[in-house]
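# Commentary on secondary and tertiary structure
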Amino acid sequence: MKKALKILLKVVGIIIFLAVISGLGGWWYINSTFLSFEKDYAENIDIKELTIDGYTFLDRNGNGKTDIYEDDRKTTDERVENLLYQMTLEEKIHLLKGSGIGSAMGKGGTAVPGAVGTIVPTPRLGIPTIYLSDGPAGLRIEPKREGEDRTYYCTSFPIGTLLSSTWNTNLVNEIGTAMGSEAKEYGIDVILGPGANIQRHPLCGRNFEYYSEDPVLTGFIGAAMVNGIESQGIGTSVKHFVANNQETDRNFNDVIVTDRAMREIYLKGFEIIVEKSQPWTIMSSYNKVNGTYVPERKDLMTDILRDDWQYQGLVMTDWFGGDNASAMIAAGNDLLEPGTRRQWKALKKAVENGTLSEEEINTSTRRILKLIVQSNKMHNYQYSNNPDLDTHAKIARQSATEGMILLKNKQTLPIQKGKNIALMGVTSFDFIAGGTGSGDVNEAYTVSLEEGLKNAGFEINEKAKQVFETHKSKYKKEFVKPEGLSAMTTPYFPPRMAYTIDELKAIVTSSELGIITIGRNSGEGGDRVEDDDFSLSEKEQNMITKVCKAFHAAGKKVVVVMNIGGVIETASWKGQPDAIILAWQGGQEGGNSVVDILSGKVNPSGKLPMTFPINLNDHSSNANFPLEGATYNIMTLMFASREEKPENEKVKNKDYTDYEEGIYVGYRHFDKAELEVSYPFGHGLSYTTFDLSNLNVTMKNDTINVMATITNSGSFAGKEVVQIYTSKPDTKIDRPLKELRTFAKTKSLNAGEATILTLQIPVSELSYWSEEASQWILEKGLYSIQVGASSRDIRLSMEVEVN
Ligand code: BGC
């Protein structure tokens, strides 16, 4: 017995010993590979100001002289060249990768907790650390810091999809400016956004971060955002370049796609953004394209981006993206984020054995130095940690209101203030501000629909509220919101509600209008599924049917508010409610914004940036998309093997996805296939009506000028979006029936007021990408210029001859 006990104790001891050793070993590995491998490269913050010959500057290298790179009277190029000249080869290599994911934890002197990456400092030359932070709906940093009473909340602006639904580039520019100034005041140098991937399929979990199924809308809105943010001396990182259209196996997925679809659809939005805004940085995507990781593709990183488009900024990887460090630098992906020790060693080795030339290192280093020299840090800007959150909240509210879309209105809206409103569905009380993952924002509050209604002087129906409270207390655990990392990875989704006949009776009699909110949430690392996500659950269907019946029987109306981040099925139920507002996820002021529309304080003017299909399967991409969904797995990101699987082991839509539909994405497909849709691309109602007239199309200097008059012919002031599509009726090749080329939004027009809009389309934009010639080709002959209020509501058209 004693002996057995001894053996047992020994075994337990050995197990504990091994566990401690492997724990320590594991920690050592993680720490030295991902967290803290910088050693001699801690930022030099002891820099003195000097005045020589009347010029005051920061003596960054402490040599008591004015070096060219320290002199802000010199041009950026001169300063960059001087820096490059002064740097050792090791310092240059060091600059090509970030300082590790540890920077996200906010360790060290100038660190900003919650920033996710850095451009490393060069202490010998006094070059500062550059901080990179997410993302598309506002800055994502940690709101609380150890040992401090104060908070560092950021404004949660509406999601990207809502912003593109405004079709208002001036407004998006204003939001960008606000976001940029928030970054500036919190000491962040580059915002990792906007997202410019095409919404190829409705179930991509990150669609909410992206703008549209159409590249022109994506490009125009994206450029406005970049210009806004960068007006504050803050860089952007337009992501994820390119063809990152699903989250399932995003780190390895190989996109099989034609050059034509790449050029006309997936690259086009990025191309427009580069042309209109020259972003400081672009983020390459995780996926492969036709067999090779995007950041390792020289054709994408250099030939297209730099040679064809004249892009002047730097390209960074997505976090832990790509495989071969030196192949990425050689291809033109200048910066590896967040950086690992392994990459640093690999780069050094590649230089030693000649795989990577000094010239290649210099090219990338130059681009990185340019960003550093342009940054607020190099201008010694002293940030306040006090951005104007109040003003930004107002901008968030205004922009959310402008991007919400009125899908249906049977003489119901707007409603008079003071009415008693019965709120139904969990999300009415628990509004969703935005999606999860790196596109999330740590905001101080989210205004729910209930709060928004109260703020505007509506009465909240007590009975409906009580049913919600009872439901909430029954599912206490499910109503606890995830925090920290799990808030990033797990969309919060409390159980949905059902109403008994008696409850409904009591609600209907005591209220004047019913509002049902349908909520959806998704995010990075996961894709959505059809059942109970794209399609309404049975509970939701029943709720809509029962509520509408009960209210209608009493002569009262029902409004459905969709608080969602991506497309859902609408065809089966849209006939039942009297009005439908697509509110998207409106950021922290979402509830107030919906009420601005409900009350008529603002006339809705949002338009759909994508098609709402009748069936999911109507999308041509549905044949090649991972329909089983996926969940976020951070371990795969950091540790999974990048080794190529044998062909016969590759799983469709996971290891590879075939973009068989080619250029037929979104409305391009629905139009060509003559499919009915639930709501077409570009659709959105208003409380007034607009007439389009006096179309005039002329051609001058290879530019098509389109002029049209828009008149507010109703009785409510409001804005209208004018969409210009083109088509080539007698085309010799396979082309979409129509394609959006440009658009504009009017100012608010009073009832009866008219305005003339003038828009330009460069003739070259009518070209298609020829696979045979491997270039853009402009077909000669007649083109039809179509002016519409949606892709399926063309009001005027005229032909123009292209010679
Ligand atoms: C995301 C990027 C993000 C980065 C840093 C990645 O997982 O794909 O969009 O900017 O993390 O948070």
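Throughout what follows, the structure given in this document is the object of discussion. It should be emphasised that the depicted structure is a prediction, and the values quoted were computed from it without experimental measurement. (Residues numbered from 1 in each chain as written. Predicted model: local features only at pLDDT ≥ 70, side-chain atom pairs only at ≥ 80, totals over all residues. Heavy atoms only, no water.)

### Let's talk about the overall build of the chain
Secondary structure summary: the chain contains 23 helices and 29 strands in total. In terms of its C-alpha atoms, the chain occupies a principal-axis envelope of roughly 90 × 80 × 65 Å. The buried share of the chain, taken over its 803 residues, is 61%. For the chain, restricting intrachain contacts to residue pairs at least 6 apart in sequence, the fraction spanning at least 24 positions comes to 77%. Element-wise, carbon and sulfur atoms account for 51% of the exposed surface of the chain, whose accessible area totals about 31,100 Å². Within the chain, the 104 negative side-chain charges are centred at a point lying 5 Å from the centre of the 86 positive side-chain charges. (Helix = DSSP H or I, 4+ residues; strand = E, 2+ residues; numbered from the N terminus. Buried < 20%, exposed > 50% of the residue type's maximum accessible area, 1.4 Å probe, protein only. Contact = heavy atoms within 4.5 Å. Areas by Shrake-Rupley, 256 points an atom, 1.4 Å probe, with all protein chains shown as cover. Lys, Arg positive; Asp, Glu negative; His and termini not counted. Charge placed at Lys NZ, Arg CZ, Asp CG, Glu CD.)

### Side note on the site of the ligand
Around the ligand, the surrounding shell holds 14 residues, and the nearest of these are Asp134, Arg206, His240, Asp318 and Glu524. Taking 310 Å² as the accessible area of the ligand by itself, protein coverage stands at 96%. Considering only residue class, the shell around the ligand consists of five nonpolar, two polar and seven charged. (Near = heavy atom within 4 Å. Nonpolar A, V, L, I, M, F, W, Y, C, P; charged D, E, K, R; others polar.)

### With respect to the side chain of threonine 611
Its location among the elements puts threonine 611 in the loop between helix H21 (590-598) and strand S18 (612-613). Residue classification places threonine 611 among the buried residues on the basis of a relative accessible area of 2%. A distance of 2.7 Å separates polar atoms of two side chains, one belonging to threonine 611 and the other to glutamate 213. Not counting residues within four places of it along the chain, the set of residues in contact with threonine 611 comprises Glu213, Val567, Gly666, Tyr667, Phe670, Val677, Tyr679, Pro680 and Phe681. (Polar contact = N/O pair within 3.5 Å; in protein donor to acceptor, adjacent residues only side chain to side chain.)

### Considerations on the packing of aromatic side chains
Applying the stated criterion across every chain, the model contains 16 aromatic pairs. Seen from their ring centres, tyrosine 41 and tryptophan 344 are 5.9 Å apart, and the 85° between their planes marks the pair as edge-to-face. Taken together, the residues span a long stretch of sequence, with tyrosine 41 in the loop between helix H1 (2-35) and strand S1 (48-52) and tryptophan 344 in helix H11 (residues 341-352) at a distance of 303 residues. A relative accessible area of 10% places tryptophan 344 in the buried class. A ring pair is formed by phenylalanine 241 and phenylalanine 270, whose centres lie 5.1 Å apart and whose planes are at 90°; its orientation type is edge-to-face. Here phenylalanine 270 lies in helix H8 (residues 268-277) and phenylalanine 241 lies in strand S6 (residues 235-241), a separation of 29 residues in the sequence. Through successive ring pairs, a cluster of aromatic residues spans Trp167, Phe220, Tyr667, Phe681, Tyr725 and Phe743. Cation over ring: arginine 145 sits above tyrosine 152, and NZ or CZ is 3.5 Å from the ring centre. (Phe/Tyr/Trp six-rings, centres within 6.5 Å; stacked < 30°, edge-to-face > 60°. Lys NZ or Arg CZ within 6 Å of the ring centre and 35° of its normal.)

### Concerning the nonpolar core
Leu449, Met562, Trp584, Leu598 and Phe612 are the most contacted members of the largest nonpolar core, which has 111 residues in total. Per element, the largest residue contribution to this core is seven residues, and it comes from helix H6 (residues 215-230). Leave out the neighbours within four places in its chain, and leucine 598 touches Leu413, Pro414, Ile415, Leu449, Leu453, Ile515, Val559, Ile581 and Tyr687. Counting residues in each nonpolar core, the second largest holds 47 residues, with Leu83, Ile361, Leu371 and Met638 among its members. (Core = buried A, V, L, I, M, F, W, Y, C linked by side-chain atoms within 4.5 Å.)

### A short note on the sheet that holds strand S13 (residues 420-424)
By definition, the strands of a sheet pair up through backbone hydrogen bonds, in either a parallel or an antiparallel sense. An order of S12-S17-S16-S15-S13-S14 is seen for the six strands of this open sheet, with the pairing classed as mixed. Two strands in the sheet have a free side with no partner beyond their single neighbour: strand S12 (405-409) and strand S14 (459-460). One ladder, built from four bridges, connects S12 with strand S17 (residues 579-582); its direction is antiparallel. Residue pairing for S17: lysine 408 is matched across the bridge by isoleucine 580. (Pairing = 2+ DSSP bridges.)

### Some words on the pairing of strand S15 (residues 513-519)
Judged by how many residues are buried, S15 sits mostly within the fold: seven of seven residues are covered. Burial along S15 is two-sided: Leu513, Ile515, Thr517 and Gly519 facing one way and Gly514, Ile516 and Ile518 facing the other are all buried. Across four bridges, S13 lies against S15 in parallel orientation. From the neighbouring strand, alanine 422 faces S15, where its bridge partner is glycine 514.

### Some points on helix H5 (residues 169-185)
Between its first and last C-alpha atoms H5 spans 24 Å; for 17 residues at 1.5 Å apiece the expected length is 24 Å, and the two agree. Of all the 17 residues making up H5, 12 are buried; the element is thus mostly covered by neighbouring parts of the structure. Of the surrounding secondary structure, the elements contacted by the buried residues of H5 are helix H4 (160-166), strand S5 (190-192), H6 and helix H13 (389-403). You can read the cap of H5 off the contacts: a side-chain oxygen lies 3.1 Å from the backbone nitrogen of asparagine 170, and it is on asparagine 168. Two residues or fewer past H5, glycine 187 is found with a positive phi of approximately 80°. (Expected span 1.5 Å × (residues − 1).)

### Points about the pairing of S13
In the case of a regular strand, side chains alternate between the two sheet surfaces. Taken across its five residues, S13 has five buried, putting it largely inside the fold. Here S13 shows two buried faces, one formed by Asn420, Ala422 and Met424 and the other by Ile421 and Leu423. Across two bridges, the pairing between S13 and S14 is parallel. Pairing of isoleucine 421 across the sheet is with isoleucine 460, part of S14.

### Overview of a nonpolar patch on the surface
On the surface, Leu5, Leu8, Leu9, Val12, Ile16, Val20 and Leu24 cluster together into a nonpolar patch covering about 670 Å² of accessible area. A relative accessible area of 54% places leucine 24 in the exposed class. (Patch = residues over 30% accessible without salt bridge, like charges linked within 9 Å, V, L, I, M, F, W, Y side chains within 5 Å. Salt bridge = Lys/Arg side-chain N within 4 Å of Asp/Glu carboxyl O.)

### Things to note about the sheet that holds strand S11 (residues 314-316)
Sheet architecture is open: six strands sit in the order S3-S4-S5-S6-S8-S11, paired in mixed fashion. Two strands lie at the open edges of the sheet, namely strand S3 (117-119) and S11, each paired on one side alone. Across the sheet, the mean angle from the axis of one strand to that of its neighbour is 30°, orientation sign disregarded. Pairing geometry for S5 and S6, over two bridges, is parallel. When the bridges of S6 are listed, isoleucine 191 appears paired with threonine 236. (Axes fitted to C-alpha atoms, helices over the stretch in contact; angles between N-to-C directions.)

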